[in-house]
Amino acid sequence: MIKPIIMAGGFGTRLWPLSRQLFPKQFLALDGERSLLQTTIKRLNNIPHQSPTIICNEQHRFVVAEQLRTSEALDANILLEPKAKNTAPALALAAFDALQRGDDPILLVLASDHMIKKETSFLSAVEKAKTLAEKEKLVTFGVIPTKAETGFGYIKLGHAVADGFNVEQFVEKPDLETAKLYFNSKQYYWNSGMFMFKASVYLNELETFRPDIFEVCKAAFETQKSDIDFYRYDNDIFESCPDESIDYAVMENTKAAVVVPLDAQWSDVGSWSSLWDIEAKDDHGNVCKGDVLALNTKNSLISSNDRLVATIGLDDVVIVDTKDALLVSKRSEVQQVKNIVAELNVQG
Ligand code: GDD
Ligand code: MG
């Protein structure tokens, strides 16, 4: 049976000021009552699966536990990293843990901060991926690119296999020139950041390509301790782990990668403009959340948390109002929010 692993240790800085260090984007209810993490868990309802594992940062443990409780995901295990070291080490801990609990389950690795509007397409892609993962492949889910985005991994399609394609080349976050070439060539998919593989297959590939990360994580896993709610690892050992994503550590190097196409209105909600892209708009092209009165305003995203926000005569803007910070930006420049967050971190 499939073992879901949900990665929930990111900081989601590009959705500031709603997303904060202590309450990042995966815990926000951007789409209504459920948070992105809770929606990710609910999405598993139609897939037969073992109890899910959530791997996250120590400092978010209570938010995660509370969100799982209110999702009635009481059987989930919560693994805590003492420090964020990116996804390659996080998944190594989760894979060691899964191996210990069962006989080499197929891991369905999910980001906790994505939106998928067409759930049935997602379910059928997972079915296809499962067959390939059983054959010792590392499966990615590929999305047709809509622009030359530099924040994604790019997958060059090789020859067709069963329900997918071999991966001829995997390039994580290319520069803009390269992203343009890939986009125009129409030979690449975006990596959606979700994966499927046997726990042992991931660990073997990690040991081959990044023995340094593998060894530290193995040593850290040997210190795993559990209390009632959480699993923890030795701080000093894990602290010495190199910081690296699965994409650079394994996916760029492995020869066993395959890609299953995913046409499910997927979005990684990477920025306010990508949220505007995916959300339903009113007759004027606006996405309004909370108490908003938008007069003669077009193609904008306006979000209010606890007071009325009123606009007049604006086009293509993003306005996000929270209790202690207000963001006002051109929609086309809202990616620069990360510079504001960097500036605030320097000041703080
Ligand atoms: N447990 C844990 N620990 N989770 C983490 C950590 C960590 O240190 N860092 C990130 N995560 C979680 C995030 O919360 C998110 O759910 C997921 O892992 C992916 O991390 P991101 O930081 O959001 O990755 P990315 O968006 O830059 O890139 C990945 O996703 C893209 C698609 O959205 C890559 O896989 C790209 O290739 C891909 O295109
Ligand atoms: Mg992401």
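**Topic: the overall build of the chain**
Consideration 1: On a plain count of helices and strands, the chain comes out with eleven helices and 19 strands.
Consideration 2: For 348 residues, the compact-globule formula gives about 20 Å, and the C-alpha radius of gyration of the chain, at 20 Å, lands near that figure.
Consideration 3: Principal axes of the C-alpha set define a box for the chain whose edges measure 60 × 50 × 40 Å.
Consideration 4: Look at the contacts in the chain between residues 6 or more apart in sequence, and 69% of them connect residues 24 or more apart.
Consideration 5: With an accessible surface of roughly 15,900 Å², the chain has 49% of that area assigned to carbon and sulfur atoms.
Consideration 6: Measuring between centres, the 37 positive side-chain charges of the chain sit 3 Å from its 49 negative side-chain charges.

**Some thoughts on the packing of helix H6 (residues 199-209) against helix H7 (residues 211-222)**
Packed helices, taken two at a time, are described by the angle between their axes plus the distance between the axes.
Consideration 1: As a packed pair, H6 and H7 sit with axes 5 Å apart at the nearest point and diverge in direction by 125 degrees. The angle between H6 and H7 places the two elements in the oblique class. Touching Leu 203, Leu 206, Glu 207, Thr 208 and Phe 209 of H6 are Pro 211, Ile 213, Phe 214 and Glu 215, all from H7.
Consideration 2: Taken together, the residues of the contact of H6 with H7 sort by class into six nonpolar, one polar and two charged.

**Focus: the side chain of Ser 245**
Consideration 1: Mapped onto the elements, Ser 245 comes out in the loop between helix H8 (235-239) and helix H9 (246-251).
Consideration 2: In this structure Ser 245 touches Asn 86, Thr 87 and Ala 88, once residues within four positions along its chain are discounted.

**A look at the site of ligand 1**
Consideration 1: For ligand 1, the set of nearby residues contains 27 residues, the closest of which are Glu 81, Glu 172, Lys 173, Asn 191 and Asp 247.
Consideration 2: Within the contact set of ligand 1, an oxygen atom lies 3.5 Å away from a backbone nitrogen or oxygen of Lys 85.
Consideration 3: One nitrogen or oxygen atom from the main chain of Asn 86 is found 2.8 Å from an oxygen atom belonging to ligand 1.
Consideration 4: Look at ligand 1: alone it shows 730 Å² of surface, and the protein chains cover 87% of it.

**Comments concerning the sheet that holds strand S18 (residues 317-321)**
Consideration 1: One open sheet accounts for four strands, arranged S14-S16-S18-S19; its pairing is mixed. A single partner strand is all that each edge strand has here, and the edge strands are strand S14 (287-289) and strand S19 (326-330). Adjacent strand axes in the sheet meet at a mean angle of 5 degrees when their direction is disregarded.
Consideration 2: Of the strand pairs in this sheet, S14 and strand S16 (residues 301-304) are connected by three bridges, and their pairing is parallel. The residue bridging Lys 289 from the neighbouring strand is Ser 303, located in S16.

**Concerning the pairing of S16**
Consideration 1: Residues Leu 301 and Ser 303 line one face of S16 and the alternating positions Ile 302 and Ser 304 line the opposite face, and both faces are buried.
Consideration 2: With four bridges joining them, S16 and S18 adopt parallel strand pairing. Across the sheet, residue Ser 304 finds its bridge partner in S18, namely Asp 321.

**Here we look at the nonpolar core**
Consideration 1: One finds Leu 108, Phe 122, Phe 141, Met 196 and Leu 262 to be the most contacted residues of the largest nonpolar core, which totals 47 residues.
Consideration 2: The element best represented in this core is helix H4 (residues 119-134), accounting for seven residues.
Consideration 3: In this view, Leu 108 contacts Ile 2, Lys 3, Pro 4, Ile 5, Leu 44, Ile 47, Val 126, Phe 141, Phe 195 and Met 196; residues no more than four positions away in its chain are not counted.
Consideration 4: Among the nonpolar cores identified, the runner-up in size contains 45 residues, and Leu 138, Phe 214, Val 216 and Phe 238 belong to it.

Here is what the cut-offs are and how they apply
- Residues numbered from 1 in each chain as written.
- Chains lettered and ligands numbered in written order.
- Predicted model: local features only at pLDDT ≥ 70, side-chain atom pairs only at ≥ 80, totals over all residues.
- Heavy atoms only, no water.
- Helix = DSSP H or I, 4+ residues; strand = E, 2+ residues; numbered from the N terminus.
- Rg over C-alpha atoms; globule rule 2.2 N^0.38 Å.
- Contact = heavy atoms within 4.5 Å.
- Areas by Shrake-Rupley, 256 points an atom, 1.4 Å probe, with all protein chains shown as cover.
- Lys, Arg positive; Asp, Glu negative; His and termini not counted.
- Charge placed at Lys NZ, Arg CZ, Asp CG, Glu CD.
- Axes fitted to C-alpha atoms, helices over the stretch in contact; angles between N-to-C directions.
- Parallel < 35°, antiparallel > 145°, perpendicular 65-115°, else oblique.
- Nonpolar A, V, L, I, M, F, W, Y, C, P; charged D, E, K, R; others polar.
- Near = heavy atom within 4 Å.
- Polar contact = N/O pair within 3.5 Å; in protein donor to acceptor, adjacent residues only side chain to side chain.
- Pairing = 2+ DSSP bridges.
- Buried < 20%, exposed > 50% of the residue type's maximum accessible area, 1.4 Å probe, protein only.
- Core = buried A, V, L, I, M, F, W, Y, C linked by side-chain atoms within 4.5 Å.

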